[in-house]
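# Results of the structural survey
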Amino acid sequence: MDKNIYLIRHCEADGQLADALLTEKGIIQANKLSDFLSPLAIDRIIASPFLRAVQSIEPYAKKQNVEIELDHRLSERILSSISLTDWMEKLAETYRDMDVTYVGGESSKEAMKRIVKVIDEVVASDVENTILVTHGNILSLCLRNYDKNVGFEQWKSFSNPDVFLMKISQNKFHYKRIWEERNSK
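Residues numbered from 1 in each chain as written. Predicted model: local features only at pLDDT ≥ 70, side-chain atom pairs only at ≥ 80, totals over all residues. Heavy atoms only, no water.

Here we come to the sheet that holds strand S3 (residues 68-70). On the basis of which strands lie adjacent, the open sheet formed by 6 strands has the order S3-S2-S4-S1-S5-S6 and mixed pairing. Each edge of the open sheet is held by one strand with a lone partner, namely S3 and strand S6 (172-177). The average angle at which neighbouring strand axes cross in this sheet is 25°, direction not considered. As judged from the 4 bridges shared by strand S2 (residues 44-47) and strand S4 (residues 129-134), these two strands associate in the parallel manner. Bridge pairing in S4 links isoleucine 45 to isoleucine 131. The sheet contacts of helix H4 (residues 108-124) involve strand S1 (3-9), S2, S4, strand S5 (162-169) and S6, and relative to S1 the element is tilted by about 150°. The sheet contacts of helix H5 (residues 136-146) involve S1, S4, S5 and S6, and relative to S1 the element is tilted by about 145°. (Pairing = 2+ DSSP bridges. Helix = DSSP H or I, 4+ residues; strand = E, 2+ residues; numbered from the N terminus. Axes fitted to C-alpha atoms, helices over the stretch in contact; angles between N-to-C directions. Contact = heavy atoms within 4.5 Å.)

Okay, structure coming up:
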C-alpha cells in the first residue's frame, strides 16, 4: 500500500519551552492550516507532546473528528541544556558533524534516529494517510535522512507552520514542500 505522511512544523509560538502557547498569529495560522488540510482524508494524527504542536493541529483534528496521539519522539531536539549565546553557530555545526553533542543535548544523528523510527512505524502500519506534527529542527533532520542535501540553510528557510508531503511507494521515499509562506501570513 502506498503511504502519504504529512510532516507539519507547528505554528508560531511564544517560546521554545514545552508548554509555550501559540501566539495570536499562531492561532490564526492553525485555523488556516486546518482549512488547507480539510480536503485530505487523514486516518491518523500523531503530534509532539509540546503544547504548540498540539494547538497547531487541534482545529483540524476537531473538524475531522480524528484523535491526536502524542509521541515524545516527535519532540524538538534539545541542542543543549545550558543557554548558548552562539546557538546558531552551534546548530549549524550539528549539520556538518552529525555526531556533535553539547552539554545535556542530543546529536543530530540521535534525533534523526528517533523521528525516523516513527516514520518506519507509520510505513509498517495499515494506515494510508498520516499527519505528524513536530518542530523545525527535528523535521529537517527527518528530511535529511532521505535527502542528504537538507541541512542548516534548508532548516532556516522553514516557515511556521510548514507542511511537507512524504510519499512512500514500493519502499521509495519522495517528499515535497506543499505549504507556501503566503498561507502562514
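Past the structure itself, the notes keep going.
A separate point is the pattern of salt bridges. As enumerated under the stated definition, the model contains 11 salt bridges in all. Salt-bridge contacts for lysine 25 lead to glutamate 12; the nearest nitrogen and oxygen are separated by 3.9 Å. Note that lysine 25 is positioned in helix H1 (residues 24-37) and glutamate 12 in the loop between S1 and H1, a separation of 13 residues in sequence. The salt bridge partner of glutamate 93 is arginine 96, with a shortest N-O separation of 3.0 Å. Here glutamate 93 pairs with arginine 96, and both are found in helix H3 (residues 87-96), just 3 residues apart, close to one helical turn. Exposure remark for glutamate 93: the relative accessible area of 28% places this residue in the partly exposed category. Within the structure, one salt-bridge network assembled from shared partners comprises Asp71, Arg73 and Glu121. (Salt bridge = Lys/Arg side-chain N within 4 Å of Asp/Glu carboxyl O. Buried < 20%, exposed > 50% of the residue type's maximum accessible area, 1.4 Å probe, protein only.)

Our focus in this paragraph is the pairing of S4. Along any regular strand, the residues point their side chains to alternate faces of the sheet. Within S4, 6 of the 6 residues are buried, which leaves it mostly tucked inside the rest of the structure. Burial of S4 is two-sided: the residues Asn129, Ile131 and Val133 facing one way and the residues Thr130, Leu132 and Thr134 facing the other way are all buried. Direction of pairing for S1 relative to S4: parallel, over a ladder of 6 bridges. Pairing of leucine 7 across the sheet is with leucine 132, part of S4.

What follows is about the nonpolar core. The tendency in soluble globular proteins is for nonpolar side chains to be buried as a group. Of all hydrophobic cores here, the largest spans 32 residues; its most connected members are Ile5, Leu7, Ile119, Leu132, Leu143 and Met166. Of all the secondary structure elements, the ones that give two or more residues to this core are S1, H3, H4, H5, helix H6 (152-157) and S5. When residues of this core are assigned to their parent elements, the largest contribution, 7 residues, is made by H4. With near-sequence residues (within four places) excluded, leucine 143 lies in contact with Leu7, Val150, Phe158, Phe164, Met166 and Tyr175. Within the second largest apolar cluster, 22 residues are counted, among which are Leu33, Leu37, Val66 and Leu165. (Core = buried A, V, L, I, M, F, W, Y, C linked by side-chain atoms within 4.5 Å.)

On to the pairing of S6, then. Burial within S6 is sparse, with just 0 of its 6 residues counted as buried. From the end of S5 to the start of S6, which pair antiparallel, there are 2 residues, and glutamine 170 there has a positive phi angle of about 50°.

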